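The chain contents come next:
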Amino acid sequence: MPFITTSDHVKLHYEDYGQGRPLIMIHGWTFSSRFFHRNIDAFSQKYRVITLDLRGHGESDKPEHGYRIARLAADLRDLIETLKLEDVTVLGWSIGSPIIWSYLELFGQDRLRSAIFVQQTPKQFFSPDWKLGHATCYDEAGLTFLQQQLAFNRSAFDRQNLSDCLSTSLADDEKTMLLGEMAKCPSSAASLMMADHTTQDWRDVLPHLTLPSLMMVAGRDKVLPAAGPRWVAEHMPDCRAVEFEDSSHMVFLDETEKFNQTVLTFMEEGAAA
């Protein structure tokens, strides 16, 4: 399996498909790149598709350090530089979105052409001026409870998390495969990553990010309210929203055909940019 080594000596697994302008796909928290298994073939017919397992996930190393959004953004930078990629479209689902926002804040638009965000709010914790956060992990008490579930009842947590992220049913073999991928992420890594991710507030950053972008908004998400991702599209200068009315958090599984076509259309629209 192909790996890159990050600047802090962590081996990250990636897969590389097709040829052409690069599309990097970044999965969500506790998941892996295999969650995009329904999408890769459609994209790799026209583009070079690179899927990355975040540190602590999938086939990548599981170190005891580095589970902060800024470090994950640096991992993305290490991938792009190691593979000598240019003119890249980055696709971030869920936690993959703030990884891209952090990349843009830290490194600018260097090597990037555009970005696709999939169902992520700019702030998961509630505050007096913000109620579009996470359904359950919206304050310190919610975070602590989530961390306890990870530590003491992980398999039940994963089953419920997968169910909550879908509005459609999976075949038994697909469900088994995805739960197996989730089990590869150590609870300690998941806990540290969520502790950093869920306290971040990107609302001040997003109005200054000018990369041409798309936000996919899931209308039936049980995890994050649709108004949060819409806020991102409304406040990034060159970002537009596409609504997925029948999807929960995993848009690419709930409405696979529409997801694939939306990505391809966005990529094609930017071909002459």
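Because the structure is a prediction, the values reported are computed rather than measured.

Novice: I'm lost on the sheet that holds strand 6 (residues 112-118) in this one. Help?
Specialist: Strands belonging to one sheet form pairs held by backbone hydrogen bonds; the direction of such a pair is parallel or antiparallel. Here eight strands make up an open sheet; going across it, the order is 1-2-4-3-5-6-7-8 and the pairing mixed. Looking at the sheet topology across the chains shown, the edges are occupied by strand 1 (3-5) and strand 8 (239-244). Neighbouring strand axes in the sheet, compared pairwise and without regard to direction, differ in orientation by 20° on average. Note: strand 2 (residues 11-17) against strand 4 (residues 48-52), four bridges, orientation antiparallel. Among the inter-strand pairings, Tyr17 is bridged to a residue of strand 4, identified as Val49. Packing of helix 3 (residues 96-107) onto the sheet brings it into contact with strand 3 (22-26), strand 5 (88-93), strand 6 and strand 7 (213-218), and relative to strand 6 it is tilted by some 150°.

Novice: How do you make sense of the packing of aromatic side chains when you look at a structure like this?
Specialist: Describing an aromatic ring pair means giving the distance of the ring centres and the angle of the ring planes. In this structure the tally under the stated criterion is 14 aromatic pairs. Pairing Phe35 with Trp93 gives two aromatic rings, centres 6.1 Å apart and planes at 35°, and the pair type is tilted. Of the two residues, Phe35 is situated in the loop between strand 3 and helix 1 (40-44) and Trp93 in strand 5; the sequence distance between them amounts to 58 residues. We classify Trp93 as buried; its relative accessible area is 0%. On the numbers, 4.5 Å between centres and 20° between planes, the contact of Phe126 with Tyr138 is stacked.

Novice: Help me understand the pairing of strand 3 in this model?
Specialist: Walk down a regular strand and you will see the side chains alternate between the two sheet faces. Of all the five residues making up strand 3, five are buried; the element is thus mostly covered by neighbouring parts of the structure. Of the two faces of strand 3, the one holding Pro22, Ile24 and Ile26 and the one holding Leu23 and Met25 are both buried throughout. Judged from the five bridges that link them, strand 3 and strand 4 form a sheet pairing that is parallel. Its bridge partner being in strand 4, Pro22 is matched across the sheet by Arg48. The pairing of strand 3 with strand 5 spans four bridges and is classified as parallel. Bridge assignment links Met25 to a residue of strand 5, and that residue is Leu91.

Novice: Help me understand helix 2 (residues 69-82) in this model?
Specialist: Counting along an α-helix, one turn takes 3.6 residues, and residues three or four places apart therefore face a common direction. Between its first and last C-alpha atoms helix 2 spans 20 Å; for 14 residues at 1.5 Å apiece the expected length is 20 Å, and the two agree. Of all 14 residues in helix 2, eleven are buried, a share of seventy percent or more. Looking only at helix 2, the buried set comprises Ile69, Arg71, Leu72, Ala73, Ala74, Asp75, Leu76, Arg77, Asp78, Leu79 and Ile80. At the exit of helix 2 stands Lys84, carrying a positive phi of roughly 55°.

What counts, and where the lines are drawn
- Residues numbered from 1 in each chain as written.
- Predicted model: local features only at pLDDT ≥ 70, side-chain atom pairs only at ≥ 80, totals over all residues.
- Heavy atoms only, no water.
- Pairing = 2+ DSSP bridges.
- Helix = DSSP H or I, 4+ residues; strand = E, 2+ residues; numbered from the N terminus.
- Axes fitted to C-alpha atoms, helices over the stretch in contact; angles between N-to-C directions.
- Contact = heavy atoms within 4.5 Å.
- Phe/Tyr/Trp six-rings, centres within 6.5 Å; stacked < 30°, edge-to-face > 60°.
- Buried < 20%, exposed > 50% of the residue type's maximum accessible area, 1.4 Å probe, protein only.
- Expected span 1.5 Å × (residues − 1).

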